[in-house]
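One letter stands for each residue in the lines below.
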Amino acid sequence: MLVALKPIYDAVGIERINVATYQAVSGSGKEAISELIDQTTKLLGGDTNVDVEVYPKQIAFNVIPHIDVFQDNGYTKEEMKMVWETQKIFEDENILVNPTAVRVPVIYGHSEAINIETKKKITAAEATEILSNANGVTVMDTREDGGYATPFVEATNHDDTFVSRIREDISHEKGLNLWVVSDNIRKGAALNTIQIAEILIEEYL
């Protein structure tokens with residue numbers, strides 16, 4: 001999310017982020033992948049007696065609006081981590097983040113439907129230009145059938161974060177909507193560490 005939003009944040013500022021995540025089962029490890037595959041295989045074969053172990057409910061052909069443990073405020077720890085990490089990485093304690101984290105029956109690739117409220121008005125065309133010139137971002141947004149990125153087909157095995165469905169919020173003057181997908185296995189701590197090291201070598205060492 002922040003790879004996609006940082007260029008916009010730097011350009012016009014962001015007051016508030018509303019985001020719903022659609023997270024792949026690989027984020028829970030190998031056991032979760034196996035559970036999704038096993039449940040799907042059984043159900044397609046007509047066997048409705050599936051084992052439910054990794055998640056609290058069946059994940060095959062289902063979505064689960066619950067990742068990590070629930071907190072006292074009703075949000076989960078995964079959702080609160082999005083709040084805390086956004087404020088930390090942007091070095092902005094005042095930025096507001098309202099997240100909902102959902103597990104979906106996808107093996108690889110996280111997706112997010114993001115709505116932001118910017119400090120200054122930015123058009124969809126301006127945001128598209130900014131994101132098209134941002135490092136680590138690929139814009140795929142042709143406003144036609146298939147003209148958008150999906151987690152498994154486009155994002156899997158790629159380092160970039162893909163941004164699609166860039167459009168102005170018809171309900172808010174300074175609102176902007178984005179669809180963001182990324183390979184959660186590649187674009188994580190390991191790749192981030194390598195990319196930070198490359199910057200340090202190039203610019204500071």
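Residues numbered from 1 in each chain as written. Predicted model: local features only at pLDDT ≥ 70, side-chain atom pairs only at ≥ 80, totals over all residues. Heavy atoms only, no water.

*Asks:* Is there a simple way to think about the environment of Arg165 in this case?
*Replies:* The residue Arg165 is located in strand β5 (residues 161-168) in this model. Remark: the alpha-carbon pair of Arg165 and Val139, spanning 26 residues in sequence, is separated by 9.4 Å. If near-sequence neighbours (up to four positions away) are discounted, Arg165 is found in contact with Asp141, Asn177, Leu178 and Trp179. (Helix = DSSP H or I, 4+ residues; strand = E, 2+ residues; numbered from the N terminus. Contact = heavy atoms within 4.5 Å.)

*Asks:* Mind showing me how you'd approach the nonpolar core here?
*Replies:* Side chains of a nonpolar character, in soluble globular proteins, are inclined to be buried together. Formed by 29 residues in total, the largest nonpolar core has its most connected members in Leu5, Ile8, Ile17, Ile114 and Leu178. Looking at this core, the elements with two or more residues in it are α1 (2-12), β1 (14-23), α3 (77-89), β3 (110-118), α4 (124-132), β5 and β6 (175-182). Among the elements that line this core, the one with the most residues is α1, at 6 residues. Look past the residues within four positions of Ile114 in its chain and what remains in contact with it is Met1, Leu5, Ile17, Asn18, Val19, Leu176, Asn177, Leu178 and Val180. (Core = buried A, V, L, I, M, F, W, Y, C linked by side-chain atoms within 4.5 Å. Buried < 20%, exposed > 50% of the residue type's maximum accessible area, 1.4 Å probe, protein only.)

*Asks:* Hey, could you run me through the packing of aromatic side chains in this one?
*Replies:* Each aromatic ring pair is specified by the distance between its two centres and by the angle formed by the two planes. In the structure shown here, the tally under the stated rule is 2 aromatic pairs. Look at Tyr22 and Trp179: their rings are 5.8 Å apart centre to centre, the planes differ by 45°, and that puts the pair in the tilted class. With Tyr22 in strand β1 and Trp179 in strand β6, the pair connects residues that are 157 residues apart, well separated along the chain. (Phe/Tyr/Trp six-rings, centres within 6.5 Å; stacked < 30°, edge-to-face > 60°.)

*Asks:* How should the pattern of salt bridges be read in this particular structure?
*Replies:* Once the charged atoms of two side chains with opposite charge are near each other, the side chains can pair. Inspection of every chain in the model, using the stated rule, returns 5 salt bridges. One salt bridge connects Lys121 with Glu168, and the closest N-O pair in it is separated by 3.1 Å. Linking Lys121 in the loop between β3 and α4 with Glu168 in strand β5, this pair joins segments that are 47 residues apart in sequence. Judged by relative accessible area, which is 39%, Lys121 ranks as partly exposed. (Salt bridge = Lys/Arg side-chain N within 4 Å of Asp/Glu carboxyl O.)

*Asks:* Would you mind showing me how to read the sheet that holds β5 here?
*Replies:* Across a sheet, paired strands are connected by hydrogen bonds in the backbone, their directions being either parallel or antiparallel. Sheet architecture is open: 6 strands sit in the order β2-β1-β3-β6-β5-β4, paired in mixed fashion. On the outer flanks of this sheet lie β2 (96-103) and β4 (137-139), each paired with one strand and no other. Here the average twist between neighbouring strands, direction ignored, is 20°. Two strands pair when backbone bridges link them, and β1 and β2 are joined in this way by 8 bridges, in the parallel orientation. Bridge pairing in β2 places Gln23 opposite Arg103. (Pairing = 2+ DSSP bridges. Axes fitted to C-alpha atoms, helices over the stretch in contact; angles between N-to-C directions.)

*Asks:* What exactly am I supposed to notice about the pairing of β5 here?
*Replies:* A regular strand places its side chains so that they alternate between the two faces of the sheet. Sheet topology places β4 next to β5; 3 bridges connect them, and they run parallel. Paired with Val137 across the bridge in β5 is Thr161. Pairing analysis gives 5 bridges linking β5 to β6, with the strands arranged antiparallel. Considered in β6, the bridge of Glu168 is made with Leu176. The turn linking β5 back onto β6 is made up of 6 residues.

*Asks:* What is the right way to look at unusual backbone geometry in this model?
*Replies:* For residues other than glycine, phi is negative in most cases, and the peptide bonds are mostly trans. The backbone of Arg143 shows a phi angle near 55°, a positive value even though the residue is not glycine. Tracing the chain through its elements places Arg143 in the loop between β4 and α5 (151-155). Residue Arg143 is classed as exposed on the basis of its relative accessible area, which comes to 65%. Phi is positive for Arg165, close to 50°, though the residue is something other than glycine. According to the relative accessible area criterion, Arg165 is partly exposed, its value standing at 40%.

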